[in-house]
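The primary structure of each chain is shown beneath.
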Amino acid sequence: MSWLARFFRLFGFKGNEELFQEMEQGRRAVIQGREMRMGDRIDRLEYPKDWYIPERGGVYESITEVPVTYLTHHFAPYTGGEKSELPANTRIYLFPSTNDKPRSIGAVPLEYDEVEKVLVPEEQRRDPTYDSYSLSIETHYFREKFKKIALNPITYTQGDATQPKGEGPKFIVHVCNDIGGWGRGFVMALSARWKEPEQAYRNWARSKDKFRLGEIQSIQVEPNLWVINMIAQRDVKPSPDGIPPIREVYVGRCLAQVRELALEKGASIHMPRIGCGLAGGKWENIQPHI
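These remarks concern the structure in this document.

Reading guide: rules and limits
- Residues numbered from 1 in each chain as written.
- Predicted model: local features only at pLDDT ≥ 70, side-chain atom pairs only at ≥ 80, totals over all residues.
- Heavy atoms only, no water.
- Helix = DSSP H or I, 4+ residues; strand = E, 2+ residues; numbered from the N terminus.
- Rg over C-alpha atoms; globule rule 2.2 N^0.38 Å.
- Buried < 20%, exposed > 50% of the residue type's maximum accessible area, 1.4 Å probe, protein only.
- Contact = heavy atoms within 4.5 Å.
- Lys, Arg positive; Asp, Glu negative; His and termini not counted.
- Charge placed at Lys NZ, Arg CZ, Asp CG, Glu CD.
- Pairing = 2+ DSSP bridges.
- Axes fitted to C-alpha atoms, helices over the stretch in contact; angles between N-to-C directions.
- Phe/Tyr/Trp six-rings, centres within 6.5 Å; stacked < 30°, edge-to-face > 60°.
- Salt bridge = Lys/Arg side-chain N within 4 Å of Asp/Glu carboxyl O.

A few words now on the overall build of the protein. The helix and strand inventory of the protein stands at 9 helices and 11 strands. Over its C-alpha trace the protein gives a radius of gyration of 21 Å, about what one expects of a compact globule, namely 19 Å for 290 residues. Seen through its C-alpha atoms, the protein measures out along the principal axes to roughly 65 × 35 × 35 Å. Within the span of the protein, comprising 290 residues, buried residues form 42% of the whole. Contacts in the protein between residues far apart in sequence, at least 24 positions, make up 66% of those at least 6 positions apart. In the protein, 40 side chains carry a positive charge and 39 a negative one; their mean positions are 4 Å apart.

See below:
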């Protein structure tokens, strides 16, 4: 153990694995953000030289059941979590990270809803403050319990994003907010070309029927062309503590649904650089979800 890790431990700080063990044993109810940040720092200081590091921003599939910690995120100043088993043949997306020596790495399943029902107990999902979940997976499991999935490359073109090129069915995908606002950004180009996407979105917002983060809406605007409204933006301005409107975990959830719909219709997918304008996201973080 490094002398700096020993120093931090003298002041009562612990690694993240220890923090989660205490929660599992009922010795603590929550883990504060400062504790997790310091726990992560301690973990990195104690990082073995031969520790296996998977590719952050990549997609992996579990070969067998894998021990994981699921983290529940709430509209409240706390986070829950417990140990569980990730089923075999589950595809996950690894969050980008600037940490070059992680003992564990954050991830979200591509089959988000199905895995949620397996990992997160119903009573937790029914909590009024419950928002979403993510996974924390020890990096050494990626050596033998996962395989990397090869992804199709993104093709970049210049031109009008409302006039996608190519043959066959096509989807134009973009990000919407969860408050019913439609009046700035790429949506104006859509409305200038077709009236249906805005009308459908505003009707959806008024109905409140599944109008929430992580949901999508498909609107056919031409015989072989659909616009996909994805709700992956919280409000239209940053939160009081400076968090931008874009919510990357919901970008992933929406795109997983878009993928299934595109496979069903045999459609190609087209989009501007979603989430990177008024939504405040960074393309290097959005791109891996795509």
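Strands sit in the order E3-E2-E6-E5-E4-E1-E7 across an open sheet of 7 strands; the sheet is antiparallel. Two strands in the sheet have a free side with no partner beyond their single neighbour: strand E3 (79-86) and strand E7 (146-148). With strand direction ignored, the average angle separating the axes of adjacent strands in the sheet is 40°. Across the sheet, helix H2 (residues 16-24) is in contact with strand E2 (66-74), E3 and strand E6 (130-138); its angle to E3 comes to roughly 95°.

The next point concerns the packing of aromatic side chains. Scanning all chains against the criterion turns up 11 aromatic pairs. Relative to Tyr133, the ring of Tyr112 has its centre 4.4 Å away and its plane inclined at 40°; by these criteria the two rings are tilted. Placement of the pair is Tyr112 in helix H4 (residues 112-119) and Tyr133 in strand E6, with a sequence separation of 21 residues. Where Trp204 meets Phe211, the ring centres are 5.3 Å apart and the plane angle is 85°; that geometry is what we call edge-to-face. For Phe211, a relative accessible area of 11% translates into the label buried. One aromatic cluster in this structure is built from Trp182, Tyr201, Trp204 and Phe211.

Our next topic: the sheet that holds strand E11 (residues 268-270). Ordered by their spatial adjacency, 4 strands build an open sheet running E9-E10-E8-E11, and the pairing between neighbours is mixed. Both edges of this open sheet fall to strand E9 (216-222) and E11, since each of them pairs with a single strand only. For this sheet the average axis-to-axis angle between neighbouring strands, irrespective of direction, equals 30°. Taken together, the 8 bridges between strand E8 (residues 170-177) and strand E10 (residues 225-233) define a ladder with parallel strand orientation. Bridge assignment links His174 to a residue of E10, and that residue is Asn229. Helix-sheet contacts for helix H6 (residues 186-193) involve E8, E9 and E10, and the interaxial angle to E8 is about 130°. Where helix H7 (residues 196-207) meets the sheet, its contacts fall on E8, E9 and E10, and the angle it forms with E9 comes to roughly 150°.

Glancing now at the pattern of salt bridges. The full count for this structure, using the stated rule, is 13 salt bridges. Where Glu22 meets Lys14, a salt bridge forms, and the shortest distance between an N and an O atom there is 2.2 Å. For Glu111, the salt bridge identified is with Arg91, shortest N-O distance 2.3 Å. Here Glu111, found in the loop between strand E5 (104-109) and H4, pairs with Arg91, found in strand E4 (residues 91-94); they are 20 residues apart in sequence, far enough to count as distant.

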